[in-house]
Every structure is written in structure tokens, then in C-alpha cells.
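Structural features, examined
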Amino acid sequence: MTAPESRLPGPERSPGFLLWRVTLAWQRAMRAALAPHDLTHVQFVLLTTTWWLTRSGEPPSQRQLAEQAGTDTMMTSQVVRKLAERGLLARADDPADARAKRLEITPAGLELVAKALKDVEAADATFFEGVGDGFTESLARLSP
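Residues numbered from 1 in each chain as written. Predicted model: local features only at pLDDT ≥ 70, side-chain atom pairs only at ≥ 80, totals over all residues. Heavy atoms only, no water.

Under an unreviewed UniProt entry, the name given to the protein is MarR family transcriptional regulator, and the organism recorded is Amycolatopsis eburnea.

Below, the structure is given as C-alpha cells:
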């Protein structure tokens, strides 16, 4: 039997393990920030990404939303359906593609994004206050 070997002295020096721990802590902070708004983190990301995409052009398709958010298309469809049921998003047939749905954020969705975004950005600022100025750029380089 071969004993495991590591080039690292322990988990406190493993970038992957540290990222795992930081991710879990950050997710707890996001859940706490979003709880008063009755939104899951995925719902918040998809709702806010729809708003961002709409600001830069025409209403996005569900596929465009999934690509921008980095989410699975089937899961995106299920979450978008729930957001539409809550009156936060509207889904409409795409005139150029009968199989596609275009998404528009409703006035209620805009109001919720305005409130939740403030709380999420405040939680982010608090969570990341100890990191250096280049941290966001470093994360962007790691993002697929």
C-alpha cells in the first residue's frame, strides 16, 4: 500500500482547500444577505444578470442568461420559471426563434434587485475588506 504524499505541509497551504473554505464562508454571507429578500443565491444571480444583460441591449434569451451566469441551461430554466411565477421575470417567445424564450425583468423584479443588490454588495464589501486592491483582477483571470 502506497502512502499519500503531498508537496504541501498541510491544508492551510493548499490553494484549492483554502478556496473551498473561503467559498463556504462567502456562501454563508450571501445566504444571510439574501434571506430578508426571500431569494436563493442562484435566484439572485439569475435575476440580477438578467437586469445587467437587459441594460446593455435587448432582453436576453434563457441560453444567453445561462452562458453569462455560468449556470446549467436546465437549472436556469427551472429557476427562471420560479422567478416568473413570483412575478419577478417575464418570459416571452423570441420572434426570431420559436424555441427560445426572451426574459424581461418586471417592475417587482427591478424593485427586488435594487434592494437585494445593496445588501449583497454590502456583504461583499465586508467579507472582502481585508484583501488587496488586485484581488478582483486576480479572480477575473481565474474565471472561465
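Some thoughts on helix H5 (residues 107–127)
Three or four residues apart is the spacing at which side chains of an α-helix point the same way, because the helix has 3.6 residues per turn. Put simply, the rule reads: We count a stretch as a helix when DSSP gives it H or I for four or more residues in a row; a strand needs E for two or more, and each element gets its number in order from the N terminus. The span expected for a helix works out to 1.5 Å for each residue beyond the first. Here's how the labels work: a residue is buried when its accessible area is under 20% of the maximum for its type, exposed when over 50%, partly exposed in between, all with a 1.4 Å probe on protein chains only. We call two residues in contact when some of their heavy atoms are within 4.5 Å.
Look at H5: 30 Å from first C-alpha to last across 21 residues, which is about the 30 Å you get at 1.5 Å a residue. Within the span of H5, buried status applies to Gly109, Leu112, Val113, Ala116, Leu117, Val120 and Ala123. Turning to H5, the residues buried within the fold contact helix H1 (15–34), helix H2 (41–55) and strand E2 (97–105).

Quick look at a nonpolar patch on the surface
Rule in force here: Here the term patch refers to residues with relative accessible area over 30% and no salt bridge, with like charges joined within 9 Å and nonpolar side chains (Val, Leu, Ile, Met, Phe, Trp, Tyr) within 5 Å. Using the Shrake-Rupley algorithm and a 1.4 Å probe, accessible areas are obtained, with residue cover drawn only from the displayed protein chains. Each salt bridge in this description consists of a side-chain nitrogen of Lys or Arg and a carboxyl oxygen of Asp or Glu lying within 4 Å of one another.
A cluster of nonpolar side chains, namely Phe17, Leu18 and Trp20, defines an oily patch on the protein surface of about 310 Å² accessible area. On the accessibility criterion, Phe17 (35% relative accessible area) is partly exposed.

As for the packing of H2 against H5
Relative orientation and spacing of two packed helices are given, respectively, by the angle between their axes and the distance between those axes. Keep this limit in mind: Only the stretch in contact is used when fitting a helix axis, every axis being a line fitted to C-alpha atoms; angles between N-to-C directions are given from 0 to 180 degrees. Working rule for angles: under 35 degrees goes down as roughly parallel, over 145 as roughly antiparallel, 65 to 115 as roughly perpendicular, anything else as oblique. Handedness of a crossing is defined here by the sense of rotation of the near helix relative to the far one, left-handed for an anticlockwise turn of less than a right angle and right-handed for a clockwise turn.
One can describe the packing of H2 onto H5 by two numbers: an axis separation of 10 Å at closest approach and a directional angle of 115°. Taken together, the axis directions place H2 and H5 in an arrangement best described as roughly perpendicular. For the pair H2 and H5, the crossing hand works out as left-handed. Between H2 and H5, the contacting residues are Phe44, Leu47, Thr48 and Trp51 on the first element and Gly109, Leu110, Leu112, Val113, Ala116, Leu117 and Val120 on the second.

Looking at the UniProt feature "domain: HTH marR-type" (unreviewed entry) in the protein
Rules: UniProt positions are given in the numbering used here, feature names are shortened, and annotations may be inferred rather than shown by experiment.
Under the local residue numbering, the UniProt record ascribes the feature "domain: HTH marR-type" (unreviewed entry) to residues 12–144. Within the segment residues 12–144, helix and strand shares are 64% and 11% respectively, and the terminal C-alpha atoms sit 25 Å apart.

Topic: the nonpolar core
Rule in force here: Throughout, nonpolar core names a set of buried Ala, Val, Leu, Ile, Met, Phe, Trp, Tyr and Cys residues whose side chains join them through atoms within 4.5 Å.
Within the largest apolar cluster, 22 residues are counted, with the highest numbers of intra-cluster contacts made by Leu39, Phe44, Leu47 and Leu83. Of all elements in the fold, only H1, H2, helix H4 (73–85), E2 and H5 reach the threshold of two or more residues within this core. Element by element, the count of residues in this core is highest for H5, at 6 residues.

Overview of the confidence of the model for the protein
Inclusion rule: As a per-residue measure, pLDDT tells how confident the predictor is, with possible values from 0 to 100.
Taken as a whole, the protein shows an average pLDDT of 92; of its residues, 100% reach a score of 70 or greater. Across the protein, the secondary-structure element scoring lowest on mean pLDDT is helix H6 (residues 135–142), at 85, and the one scoring highest is H5, at 97.

Description of the environment of Arg91
Convention followed: Nitrogen and oxygen atoms within 3.5 Å of one another constitute a polar contact, given that in protein one can donate a hydrogen and the other can accept it, and given that sequence-neighbouring residues count only through two side-chain atoms.
Its place among the elements puts Arg91 in strand E1 (residues 89–94). Taking the relative accessible area as the measure of exposure, Arg91 reaches 30% and is therefore partly exposed. Separated by 86 residues in sequence, Arg91 and Glu5 place their C-alpha atoms 53 Å apart. In this structure the side chain of Arg91 is engaged in a polar contact, spanning 2.9 Å, whose partner is the side chain of Gln62.

Details of the pattern of salt bridges
Considering all chains together, one arrives at 6 salt bridges under this definition. Here Asp38 makes a salt bridge to Arg86, at a shortest N to O gap of 3.8 Å. Of the two residues, Asp38 is situated in the loop between H1 and H2 and Arg86 in the loop between H4 and E1; the sequence distance between them amounts to 48 residues. For Asp38, a relative accessible area of 56% gives the class exposed. Between Asp93 and Lys101 there is a salt bridge, with its nearest N and O atoms 2.5 Å apart. A residue is classified by how much of its surface remains accessible, and Lys101, at 29% relative accessible area, is partly exposed.

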